[in-house]
Amino acid sequence: MNKFFFCSRLNRIFVTYELWYVMDNILKRLRRYVSPVFLALLVASFVLWYIAKLNYTYSTRQRVRVDVDGVPFEVTCVVEGIGTNLFGYRMYMNKTLRIPLSDLRYRVSREEGHEGKIILDPQSLQSAIAVQLSDIKVVSVDEVPEIDKPQKK
């Protein structure tokens, strides 16, 4: 270990300690002037405000994992829906959407260097994703990558 690494590590520890010391002083002063009940009610009001705002309709970009007959890829979609549905999808949706190639329109690429790749139609992919995401409206699908031709079983 060289001395520069050791010095930088000590510097980080010192800065972290300084930050902790400053935050501790701020909290001590806050306890002296601000009631803990007030802080609890402030936090509660923020949580209730946030929950109330989630009932509105929002649009956002969402990355969706797709598996077309064993060929996985990610695509970015613009989705629209109620905030609670979008929040739930973003936080708890970790699954891959399985879509059979027979449900999609596609063409085989004939470009040099891309032989044997499949070019998926964005509208058919959007429709297939929308069917599986029933509570969220899929507005559009951004750039769909070329995929390898799935192996027949």
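Sequence order as written defines residue numbering, which begins from 1 separately in each chain. Whole-chain, interface and lining totals are the exception, using all residues; otherwise, since this is a predicted model, local features are given only for residues with pLDDT of at least 70 and side-chain atom pairs are given and counted only at 80 or more. Note that water and hydrogens are dropped before the side-chain values are worked out from all heavy atoms of the structure.

### Topic: the pairing of strand β5 (residues 117-120)
Regular strands show a simple pattern: their side chains alternate between the two faces of the sheet. Let me state the cut-off plainly: We call two strands paired when DSSP finds no fewer than two bridges between them. Each helix is a run of H or I in the DSSP string that is no shorter than four residues. Each strand is a run of E no shorter than two, and both are numbered from the N terminus.
Relative to β5, strand β4 (residues 106-108) runs antiparallel, the two being bridged by three bridges. Bridge assignment links Y106 to a residue of β5, and that residue is L120. In terms of strand pairing, β5 meets strand β7 (residues 147-148) through two bridges, oriented antiparallel. Its bridge partner lying in β7, K117 is registered against D148.

### With respect to the packing of aromatic side chains
To keep it simple, the criterion reads: Any pair of Phe, Tyr and Trp rings, taking the six-membered ring for Trp, is counted once the centres come within 6.5 Å. Such a pair is stacked with planes under 30 degrees apart, edge-to-face with planes over 60 apart, and tilted for the rest. Summary of the burial criterion: residues with accessible area below 20% of their type's maximum are buried, those above 50% are exposed, and those between are partly exposed, where the area comes from a 1.4 Å probe applied to protein chains only.
One pass over the structure, following the stated rule, counts two aromatic pairs. Residues F46 and W49 carry aromatic rings whose centres are separated by 5.9 Å and whose planes lie at 35° to one another, so their mutual orientation is tilted. Here W49 and F46 lie together in helix α2 (residues 36-53), a separation of three residues that amounts to about one turn. With a relative accessible area of 49%, F46 lands in the partly exposed category. Relative accessible area serves as the criterion here: at 49%, W49 is assigned to the partly exposed category. With a centroid separation of 6.3 Å and 25° between ring planes, the pair formed by F46 and Y50 is classed as stacked. Of the two residues, F46 and Y50 are both situated in helix α2; the distance of four residues between them amounts to about one turn of the helix.

Keep in mind these values describe shape, not function.
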